[in-house]
Every structure is written in C-alpha cells, then in structure tokens.
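# An overview of the molecular structure
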Amino acid sequence: MNDTFRLRLPEEQEEKLIRYIKDRRFPQLVLLGTLVFLLILFFAPMAGDVMIILYSVKRADSASLPVIAPEMLTMARRYHRSFPGEMLLMWLAILVAVIVIYVRGLGTRYGPRSDLACVKKGLYVYGPVTVARKSTRTEKPPFYLYDDDGNAHTCPVFLDFRNVPIGGTMTAIVLDNGRRYCLVEDAKAQKEAQEEAQDG
C-alpha cells in the first residue's frame, strides 16, 4: 500500500467487515460454549460432595485432634460410584480443550486485540492496494488476495474475490494486530479521505 489513512472506513465497508468477522468466529464461540457447558455438567455430581467436605473440615477444625467425619467417608463412596475414573479423564480432556481453544482464539477471535475489537475501535489503517494474484482455493472461505509485496489479504466477499481482475485495485485494511483484509475500493470515500489528509 502506498497511501494509508488512520481514518474510519465508510460505514458500509466497516459493516461488511464486522459481519464477516462475526460469522467466522461464531462456530468457535459455539464450540467453546458447548465445552464449558459439558465441563460444568460433568462437574455437577461432585458439587454436593465438595460442600460436604467443606462442612466436615469446618467441624474438624474445632476439634483438638484431626477428625474424619462420617460424611467424608460417605462422600468418598458416592464419588467412587457417581464419578468413576473414566469420567474424570473425560472432564480433564474437556478442560484442556477449553484452555487450548480459548488461548488460540485470544487476540484473533475475541479479546481486546481481536479483529472485531480492532475494527470497532478504529485500530486500523487502510488504503488502495493492487491485486497481484489470487489464492487457488475457492471452495470455502477464507479467500485470499495477494498484493505486489506478497502480503495475503482476506477478502470477506466472494463476489469481490471472484470479480476483481489481476492488476485491479482493492481497499486493503491492516488491523493493529497485523491481520489484513481487503474490500472493493470505494472511489468516492478514498477521494474524500485523501482530501481530508491533505487538509490536515
């Protein structure tokens, strides 16, 4: 990009970009929510037993010698029956999956440095870019367009991706987190932005 501007995109372009980012992150949020729900569901059988332990420990603290409350022995038997080792391993596997998915999505799908946060807060620059080549994969998104420097830009709209010719111009948006998008160039908005930049 030769000229970039720290200005807001035209409203229509910004809405297209926000809609695309939300659509792309929706499946991951559904998966994360489902796993958290399962985590809570598998933990539920232990909730009553945990309360018994806390109550028993409180009673034992008041005694001069350590006391094993009968409730704790009952809890151990119930825990062994209602929460077997296989279920505990499943719970741990889901916990690890939740942590991995959350960490991998942090800063890209959600969080203060995510794509959505950057667009909503205006943390990006944009400007014209020449399309040097297109990705060959066209079955499903994301669709990539490459500029003269070899940078890959995600194209949110398939028709824009399909119709732009090699050597054509698009509006490239570079977010503060480093991710790149491109949309059909809005000639009128680009001209207004250039005039504002020159006046400023």
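Residues numbered from 1 in each chain as written. Predicted model: local features only at pLDDT ≥ 70, side-chain atom pairs only at ≥ 80, totals over all residues. Heavy atoms only, no water.

The subject of this paragraph is the pattern of salt bridges. Charged atoms that come close allow side chains of opposite charge to pair. Following the criterion strictly, the structure yields two salt bridges and no others. Measuring nitrogen to oxygen at the nearest pair gives 2.8 Å for the salt bridge that ties Glu14 to Arg8. By relative accessible area, Glu14 is classed as buried at 13%. Residues Arg179 and Asp115 are paired through a salt bridge, measuring 2.6 Å at the closest nitrogen-oxygen approach. Of the two residues, Arg179 is situated in the loop between β5 (169-175) and β6 (180-184) and Asp115 in helix α4 (residues 115-121); the sequence distance between them amounts to 64 residues. The class of Arg179 is partly exposed, set by a relative accessible area of 35%. On the accessibility criterion, Asp115 (2% relative accessible area) is buried. (Salt bridge = Lys/Arg side-chain N within 4 Å of Asp/Glu carboxyl O. Buried < 20%, exposed > 50% of the residue type's maximum accessible area, 1.4 Å probe, protein only. Helix = DSSP H or I, 4+ residues; strand = E, 2+ residues; numbered from the N terminus.)

Structurally, Val119 can be placed in helix α4. Under the relative-accessibility criterion, Val119 is labelled buried at 0%. With sequence-adjacent residues up to four places away left out, Val119 is seen in contact with Arg8, Glu14, Leu17, Ile18, Ile21, Tyr124 and Leu175. (Contact = heavy atoms within 4.5 Å.)

Before going further, it helps to examine the confidence of the model for the chain. Low pLDDT marks regions whose predicted coordinates should not be analysed in detail. On average, residues of the chain carry a pLDDT of 77, and 68% of them reach 70 or more. For the chain, the element scoring lowest by mean pLDDT is helix α6 (residues 187-199), at 52; strand β4 (residues 152-155) scores highest, at 95. (pLDDT = per-residue confidence, 0-100.)

Inspection of the entire model under this criterion finds one cavity of 30 Å³ or more. When its volume is computed, the largest cavity comes out at roughly 30 Å³. Contributing to the lining of the largest cavity are Val129, Thr130, Val131, Leu145, Tyr146, Asp147, His153, Met170 and Cys182. The set of elements that each furnish at least two residues to the lining of the largest cavity consists of β1 (124-130) and β3 (143-146). (1 Å grid on protein atoms, 1.4 Å probe; cavity = no way out; pocket = protein on both sides within 12 Å on 5 of 7 lines; lining within 4 Å. Points joined across faces, edges and corners; volume = space filled by probe spheres on them.)

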